[in-house]
Amino acid sequence: MSKGRDFFTEFQQSLEKVDKQGAHFAITGVAEDLPKIPLLHVNDMIEPVTLPISPSQISELVEIASAAKFGKGSDTVLDRDVRDGFTIPGRDCVFNNPSWNKHLKALTSHVQKSLGVVKNIHCELHDLLIYPPGGHFKKHRDSEKTQGMFGTLIISLPSEHTGGIFQVSHEKQTLTFDTSVTSSLDLLHMKYCAFYADCEHEVLPVESGHRVVLTYNLIQKSKKDNMPSPPSQQLAASAIQEFAQRWVNNPEYFSSAVPNKLCYFLEHSYTDAQCGWSDLKGADSTMVDALVQSNVFDLFLVSVTNAENGDDDSGDIGDQEIEYTNWKPFDDLQGLPPQRILDMIHKKRSYEVESEEWVQGEDYFYDEDADQSEHEGFTGNEGAPYTRWYHRMAVVAWPKNRRVAMMGFSSSVNSLVDAQGGDEDALVGYENITALAKACVDEVRCNDPPAASQLIRCLAHSSIQQDSDLLRRFLKSISLADLPAEQDFPGGLLQTLLSGKKAEEAVLLTKLRQGEGQVDEEMKATKKQKL
């Protein structure tokens, strides 16, 4: 049988069937339905702002406004080399035309669909910004200004100017938002741009005139009953199900080694306050929708921190310390993963994930920008050491039918013992005791004699004893040297193992003739009887 593709290539191929319509990182357009006479009243101005905004009204706005600051760490600072503009708080701006809010709500709904947001959203006016000639704002990312904020909506108010182009970037893609007004046609329309807050963006210098815009915070509503139904991802879900079936039942199909689990790094960045399943953005949200609809995986949202040490002078990268924390299980179509799985993860502060299990490859962090860095400078012969920190969110997944592989051989055999004792929770989602036993046999570890011996005892249990196919699979995977001493055998176990199918006898007899292991007297006697 010819082999298929690389394991991770096959998985990513199934994800390509995800419907990403409405999963953009940013959008722009013309807000044709917003009223041309908004009746915008700004505190301390006698007359409402008219569109297009006249030079005299712009002078009034600048007189009222304050110099625009920006966030730097935990501080808010003023530095005109980084940001040169003026701001008026949103609380000082009121729209007295009732149709403004009506059409703004419709625009927000369009933004929701275009950005691929699952929850209903609303917007809150943050401020009115004026950028004078030379005004600019260097590359930055928006901070989370209020709980639930995930993005920003900009609406330009027509005023004669050139330059001041807005650029927003994500995953090596850049979208340009040009608010310049150079013709009478431009004076008739308000334009808009909406984007996720974690996207890097900048305002290029204004060449002439004044650039005037409104900025709104985009906020997700928290009530679950307000959540619309996510779009169907059935095509992708079917492809993922087929991939999972091969992973579980036919791993030889893949041309590369098959891992125990996979770790998929999300596209967007998330703050500590925004790291729940319902907070996922755009393509991340649609990808998870497909995984959920496939209903074949245990899914965990995990915080990944990589502390990388290296040398700026030589360019060498040293050791990397990677932690996987804050494991958040997805409450899927059949509820949470079994408690034993959750307990297993909870007991370890940082459950192990191998770099070989990264879907995007072991060199994932090489092309990523660090979130924080610390440079020691040149220190004689030691070069210029540095430490860089990367903070990412990832989805870690494994098939529900491979929970035994995740728990480990010894823990899984212990679960089998408890299940045979009547503990249904110990089945960890497997259909019955035999199904759990089969999974344990597939994961048998001969280098763990106590667990292997315990598994043998379990196979002699009345609930499994008659499954000759299972016994045959077990016999093919274990050496007689791994069998327990005579006194450890439950009554009749040898007869169960050595009777029945000739294929089973052949396996045992072949191993006996090859002299594998020390064979106890009862087994030798049984061999003589068979011969």
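Residues numbered from 1 in each chain as written. Predicted model: local features only at pLDDT ≥ 70, side-chain atom pairs only at ≥ 80, totals over all residues. Heavy atoms only, no water.

Brief notes about the sheet that holds strand E3 (residues 66-67)
So the rule is basically this: Two strands are said to pair when DSSP picks up at least two bridges between them. Secondary structure is summarised from DSSP: a helix means a run of H or I of at least four residues, a strand means a run of E of at least two, and numbering begins at the N terminus for each.
The strand order E1-E15-E11-E18-E9-E7-E3 describes an open sheet built from seven strands, whose pairing is antiparallel. Each having just a single partner strand, strand E1 (26-30) and E3 make up the two edges of the open sheet. Of the pairings in the sheet, the one linking strand E11 (residues 149-156) to strand E18 (residues 211-220) comprises seven bridges and is antiparallel in character. Pairing of Gly-151 across the sheet is with Leu-218, part of E18.

Remarks on the packing of helix H8 (residues 409-420) against helix H9 (residues 433-442)
Going by this rule: To obtain each axis, a line is fitted to C-alpha atoms, and for helices this fit is confined to the stretch in contact; angles are then taken between N-to-C directions over 0 to 180 degrees. Each angle is binned into one of four classes, with values under 35 degrees roughly parallel, values over 145 roughly antiparallel, values of 65 to 115 roughly perpendicular, and all other values oblique. Crossing handedness follows the turn of the near helix against the far one: under a right angle anticlockwise gives a left-handed crossing, and clockwise gives a right-handed one. We call two residues in contact whenever any of their non-hydrogen atoms come within 4.5 Å of each other.
As a packed pair, H8 and H9 sit with axes 10 Å apart at the nearest point and diverge in direction by 160°. Here H9 runs roughly antiparallel to H8, going by the angle between their axes. Here H8 and H9 pass one another in a crossing that is left-handed. Contacts from Phe-409, Ser-412, Val-413, Ser-415, Leu-416, Ala-419 and Gln-420 in H8 reach Ile-433, Leu-436, Ala-437 and Cys-440 in H9.

Focus: unusual backbone geometry
Leaving glycine aside, a negative phi is the common case for residues, and trans is the common case for peptide bonds. Heads up, the rule is: The buried label applies to any residue whose accessible area, calculated with a 1.4 Å probe on protein chains only, is under 20% of its type's maximum; exposed applies above 50%, and partly exposed to all values in between.
Note that the residue after Leu-51, namely Pro-52, is joined by a cis bond; omega there is -10°. Structurally, the position occupied by Pro-52 is in the loop between strand E2 (40-42) and helix H2 (55-64). Positive phi, close to 55°, is recorded for Asn-295, a residue that is not glycine. With respect to the secondary-structure elements, Asn-295 resides in the loop between helix H5 (282-294) and strand E20 (297-311). Judged by relative accessible area, Asn-295 falls into the partly exposed class, the value being 22%. Positive phi is not limited to glycine here, since Asn-326 has a value of about 55°. Looking at the secondary structure, you find Asn-326 in strand E21 (residues 317-329). What makes Asn-326 exposed here is its relative accessible area of 53%.

Notes on the environment of Ile-155
Its location among the elements puts Ile-155 in strand E11. The sequence separation of Ile-155 and Ala-194 amounts to 39 residues, and the corresponding C-alpha distance is 8.8 Å. Discounting chain neighbours no more than four positions away, the residues touching Ile-155 are Leu-34, Leu-104, Leu-107, Met-190, Lys-191, Tyr-192, Val-213, Leu-214 and Tyr-216.

Remarks on the pattern of salt bridges
Stated precisely, the cut-off is as follows: Definition used for salt bridges: Asp or Glu carboxyl oxygen within 4 Å of a side-chain nitrogen of Lys or Arg.
Taken as a whole, this structure holds eight salt bridges when the rule is applied. Note that Arg-80 is salt-bridged to Asp-84, the shortest N-O span being 3.0 Å.

With respect to helix H3 (residues 98-115)
Under the convention used in this document: Helix span is expected to be 1.5 Å times the residue number reduced by one.
In a regular helix each residue adds 1.5 Å, so 18 residues correspond to 26 Å; H3 covers 27 Å between its end C-alpha atoms and thus fits that length. Once H3 ends, the next one or two residues include Gly-116, with phi positive near 75°.

A word on the nonpolar core
We apply this condition: The set of buried Ala, Val, Leu, Ile, Met, Phe, Trp, Tyr and Cys residues whose side-chain atoms join them within 4.5 Å is what this entry labels a nonpolar core.
By size, the foremost hydrophobic cluster in this structure holds 54 residues, and its most contacted members are Leu-128, Ile-130, Leu-153, Ile-155, Tyr-216 and Leu-218. Here this core takes six residues from strand E9 (residues 121-131), the largest share from any one element. If you look at the next biggest cluster of nonpolar residues, it comprises 45 residues, including Val-304, Val-396, Val-413 and Ala-426.

Some words on the side chain of Asp-84
We count it as follows: Whenever a nitrogen or oxygen atom comes within 3.5 Å of another N or O atom, the pair is scored as a polar contact, on the condition that within protein one atom can donate a hydrogen and the other can accept it, and that pairs from neighbouring residues in sequence are kept only if both atoms are in side chains.
Its place among the elements puts Asp-84 in strand E6 (residues 83-84). Overall, the relative accessible area of 17% leaves Asp-84 in the buried class. Side-chain polar atoms of Asp-84 contact the side chain of Arg-80, separated by 3.0 Å. Residues in contact with Asp-84, not counting those within four places in the same chain, are Tyr-131, Pro-132, Gly-134, Gly-135 and His-136.

Here's the deal with the pairing of E20
With respect to burial, E20 is a largely interior element, 13 of its 15 residues being buried. Sheet topology note: the E20/strand E23 (residues 385-399) ladder contains 15 bridges and is antiparallel. Bridge pairing in E23 places Thr-305 opposite His-391.

Some details on the packing of aromatic side chains
Applicable threshold: Note on aromatic contacts: the rings of Phe and Tyr and the six-membered ring of Trp form a pair at centre separations within 6.5 Å, being stacked when their planes are under 30 degrees apart, edge-to-face when over 60 apart, and tilted otherwise.
On inspection of all chains with the given rule, the structure shows 24 aromatic pairs. On the basis of an interplanar angle of 75° and a centroid distance of 5.5 Å, the ring pair of Phe-265 and Phe-365 is categorised as edge-to-face. Of this pair, Phe-265 sits in strand E19 (residues 262-265) while Phe-365 sits in the loop between helix H6 (339-347) and strand E22 (372-375), placing them 100 residues apart in sequence. The class for Phe-265 is buried, based on a relative accessible area of 2%.

A look at the side chain of Arg-392
Positionally, Arg-392 belongs in strand E23. A relative accessible area of 10% places Arg-392 in the buried class. At 2.8 Å, the side chain of Arg-392 forms a polar contact with the backbone oxygen of Asp-369. When neighbours within four sequence positions are excluded, Arg-392 is seen to be in contact with Phe-265, Val-302, Ser-303, Val-304, Tyr-364, Phe-365, Glu-368, Asp-369 and Asp-371.

Observations concerning the pairing of E19
Burial along E19 is two-sided: the face carrying Leu-262 and Tyr-264 and the face carrying Cys-263 and Phe-265 are both buried. Relative to E23, E19 runs antiparallel, the two sharing four bridges. Across the sheet, residue Leu-262 finds its bridge partner in E23, namely Ala-397.

Overview of the confidence of the model for the protein
Rules: The predictor reports its confidence for every residue as pLDDT, a score running from 0 up to 100.
In the predicted model, the protein carries a mean pLDDT of 80, and 77% of its residues have values of at least 70. Element-level mean pLDDT values for the protein span from 42 in helix H14 (residues 521-530) up to 97 in strand E7 (residues 86-89). Scored below 50 in pLDDT, residues 223-230 makes nine contacts in the model with residues more than four places away or belonging to other chains. Residue range residues 498-531 is modelled with pLDDT below 50. Its contacts to residues more than four positions away, or to other chains, number 49 contacts.

Overview of the sheet that holds strand E10 (residues 136-140)
The strand order E6-E10-E16-E13-E14 describes an open sheet built from five strands, whose pairing is antiparallel. Strands at the two margins of the open sheet, each flanked by one partner only, are E6 and strand E14 (173-177). Of the pairings in the sheet, the one linking strand E13 (residues 166-170) to E14 comprises five bridges and is antiparallel in character. Note that in E14 the partner of Gln-167 across the bridge is Thr-176.

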